[in-house]
Amino acid sequence: MKLSSILAPLKTLALLAAFSISSISFAGVEVQTDENNVTLAGHDAVAYFTENAPVEGSSNISSIHNGAIYHFSSVANRDTFNANPEKYAPQFGGYCAYGTSLGKKFAIDGKAFELIDGKLYVQKSEVVQEVWSENTNANLAAANKNWPKIKNVAANEL
């Protein structure tokens, strides 16, 4: 038996413990936002696609979609988003994709992300992104299965 197969459940337990400490969501249950209703920790949703990087947006260049405020690094990115918000909005309401795979909703830092089949998946942190990446297909399948069940449930009730 490999040591990694023994440590995997321990990693999951450690991550769940860390998640439970900081899993507050403020604006509604379907979209993860901060106390100001800003999503993606203020990062530009379009830049994930065009620059393949987390780029901080500006509160002076913003848009509202599904009750969440999106910040953008340029007017062009804001206009691109407004033309097709569903293309650029994160999956699972911007909650941590790995958390969703566990049936939970956790806030994200905006820095850990992955584009899969043209869709944006964000994670709580870069450490969580590493765990997610160890078995992306299974984690994504579990998240897709769990999301309809937890979508309308507040994070603190999961």
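On a predicted model such as this, the values are computed, not experimentally measured, just so you know.

## Notes on helix α7 (residues 136-150)
Next up, step 1: With 15 residues, α7 extends 20 Å from end C-alpha to end C-alpha; this agrees with the ideal 21 Å at 1.5 Å per step.
Next up, step 2: Within the span of α7, buried status applies to T136, N139, L140, A143, N146, W147 and I150.
Next up, step 3: Buried residues belonging to α7 abut α5 (97-101), β3 (113-116), β4 (119-122) and α6 (126-133).

## What to know about the confidence of the model for the chain
Next up, step 1: With 82% of its residues at a pLDDT of at least 70, the chain reaches an overall mean of 88.
Next up, step 2: Segment residues 16-27: pLDDT under 50, and 29 contacts once partners within four positions in sequence are set aside and those in other chains are kept.

## A closer look at α6
Since one α-helical turn is 3.6 residues long, residues separated by three or four positions face the same way.
Next up, step 1: Of all the positions in α6, only V128, Q129, V131 and W132 are classed as buried. Down the axis of α6, the buried side of the element spans an arc of 160°, and every buried residue falls inside it. Looking at α6, the residues exposed on the side facing more than 90 degrees away from the buried face are E126, V127 and E130.

## Concerning the packing of aromatic side chains
Two aromatic rings, taken as a pair, are described by how far apart their centres are and by the angle between their planes.
Next up, step 1: Under the definition given, this model contains nine aromatic pairs.
Next up, step 2: Ring geometry for F72 against F81: centres 5.2 Å apart, planes inclined by 45°, an arrangement best described as tilted. Comparing F72 with F81 shows no difference in burial state: the two are buried.
Next up, step 3: With a centroid separation of 5.8 Å and 50° between ring planes, the pair formed by F92 and Y121 is classed as tilted.

## Examining the nonpolar core
Next up, step 1: Among the nonpolar cores identified, the biggest contains 31 residues, and L40, A45, Y70, F72, F81 and F92 are the most heavily contacted of them.
Next up, step 2: The set of elements that each furnish at least two residues to this core consists of α2 (45-50), β2 (68-72), α5, β3, β4, α6 and α7.
Next up, step 3: The dominant element in this core, judged by the number of residues it contributes, is α7, at four residues.
Next up, step 4: The residues contacting F81, other than those within four sequence positions of it, are A45, V46, S63, H65, Y70, F72, Y88 and A89.

## Looking at unusual backbone geometry
Glycine aside, negative phi is the norm for most residues, and most peptide bonds take the trans geometry.
Next up, step 1: Of note, the phi angle at N37 is positive, near 70°, even though the residue is not glycine.
Next up, step 2: N37 gets classed as partly exposed once you look at its relative accessible area, which sits at 30%.
Next up, step 3: The residue L40 is not glycine, and still its phi comes out positive at about 55°.
Next up, step 4: Checked against the element boundaries, L40 lands in the loop between α1 (3-21) and α2.
Next up, step 5: Judged by its relative accessible area of 0%, L40 falls in the buried class.

The rules behind each value
Residues numbered from 1 in each chain as written. Predicted model: local features only at pLDDT ≥ 70, side-chain atom pairs only at ≥ 80, totals over all residues. Heavy atoms only, no water. Helix = DSSP H or I, 4+ residues; strand = E, 2+ residues; numbered from the N terminus. Expected span 1.5 Å × (residues − 1). Buried < 20%, exposed > 50% of the residue type's maximum accessible area, 1.4 Å probe, protein only. Contact = heavy atoms within 4.5 Å. pLDDT = per-residue confidence, 0-100. Arc of directions from axis to C-beta. Phe/Tyr/Trp six-rings, centres within 6.5 Å; stacked < 30°, edge-to-face > 60°. Core = buried A, V, L, I, M, F, W, Y, C linked by side-chain atoms within 4.5 Å.

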